[in-house]
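A closer look at the structure
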Amino acid sequence: RCSFPELTSHQEDVITGVLMSDGYINRRDGRYPRLKVDSVNEEYLSFLDEMFGGFSTGSPVCYRTSEEEAKREKPDRFENSSYQDLYTWTSRSIPQLKKWADWYESGEKIWPEDIELSPTVLKHLYAGDGSLHKTHNVVTIYLSNEMGNRDKVDSYFTDRNLPCPIWDEQERSDGSISARIRWNKKESKELLEYMGTPAAGHEYKWLKK
């Protein structure tokens, strides 16, 4: 029986960062877990395909066009202009992904306490769920699923001697609560420098040299 190759430490950090944002673990009965990522950013998914090499099932595929997405969101008022094609990338089913599947033990995806927020982990979290305010050059990361875990999330940053975030919580129109963390201009520059080179397809979220 063929043995599975080991993931590199860099690949593991990318998986952690991706799962903290847009990625999710897909588990099928009797099969090893798979990593899936849905995004409008085909360039970023192509980077994942290339970086994971033999762990990848192949190039990202478009599974919902902008027209289909618009009709799904607003079936009674079709407007195509504000929507983009949606792509998906999938890894192979591999046993090494079991430790990330544990994030779902509660029934929802919850970040574990022991995440080490390396530059690569933070970069891929930020690529998926972060934004850069162009006027003020301040970084924001959206993390509503972790709203009740402020101490845990803060520790990710302080354990790496990174600036502790400011938390913002707002009520949505449907009554649910959204949460985001942000930093001032100086702290944002420090975070971006810590992350290093921009993630593929997300250069607009980094400061221009």
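Located above this text is the structure these notes cover.
What counts, and where the lines are drawn
Residues numbered from 1 in each chain as written. Predicted model: local features only at pLDDT ≥ 70, side-chain atom pairs only at ≥ 80, totals over all residues. Heavy atoms only, no water. Axes fitted to C-alpha atoms, helices over the stretch in contact; angles between N-to-C directions. Helix = DSSP H or I, 4+ residues; strand = E, 2+ residues; numbered from the N terminus. Parallel < 35°, antiparallel > 145°, perpendicular 65-115°, else oblique. Contact = heavy atoms within 4.5 Å. Pairing = 2+ DSSP bridges. Core = buried A, V, L, I, M, F, W, Y, C linked by side-chain atoms within 4.5 Å. Buried < 20%, exposed > 50% of the residue type's maximum accessible area, 1.4 Å probe, protein only.

1. Some points on the packing of helix α5 (residues 119–129) against helix α7 (residues 185–195)
One way to put it is that α5 packs onto α7 with a least axis distance of 8 Å and a crossing angle of 115°. As summarised for this structure, α5 and α7 are arranged roughly perpendicular, according to the angle between their axes. The residues of α7 that touch α5, namely those facing P119, L122, K123 and Y126, are L191, L192, Y194 and M195.

2. Topic: the sheet that holds strand β5 (residues 130–133)
The four strands are arranged β5-β6-β8-β7 in an open sheet whose pairing can be described as antiparallel. Unpaired on one side and paired on the other, β5 and β7 (166–171) mark the two borders of the sheet. Strand-to-strand, the axes of this sheet are offset by a mean angle of 25°, without reference to chain direction. When β7 meets strand β8 (residues 177–182), the two strands line up antiparallel, connected through six bridges. Within β8, the residue paired with E171 across the bridge is I177. On the sheet, helix α6 (residues 150–158) packs against β7 and β8 and is oriented at approximately 145° with respect to β7.

3. Thoughts on the nonpolar core
Grouped together as the largest cluster of nonpolar side chains are 47 residues, with contacts concentrated most on M20, L48, F52, W111, L122 and F157. In contact with M20, not counting residues within four places along its chain, are W103, W111, I115, L117, V121, L125, D129 and Y156.

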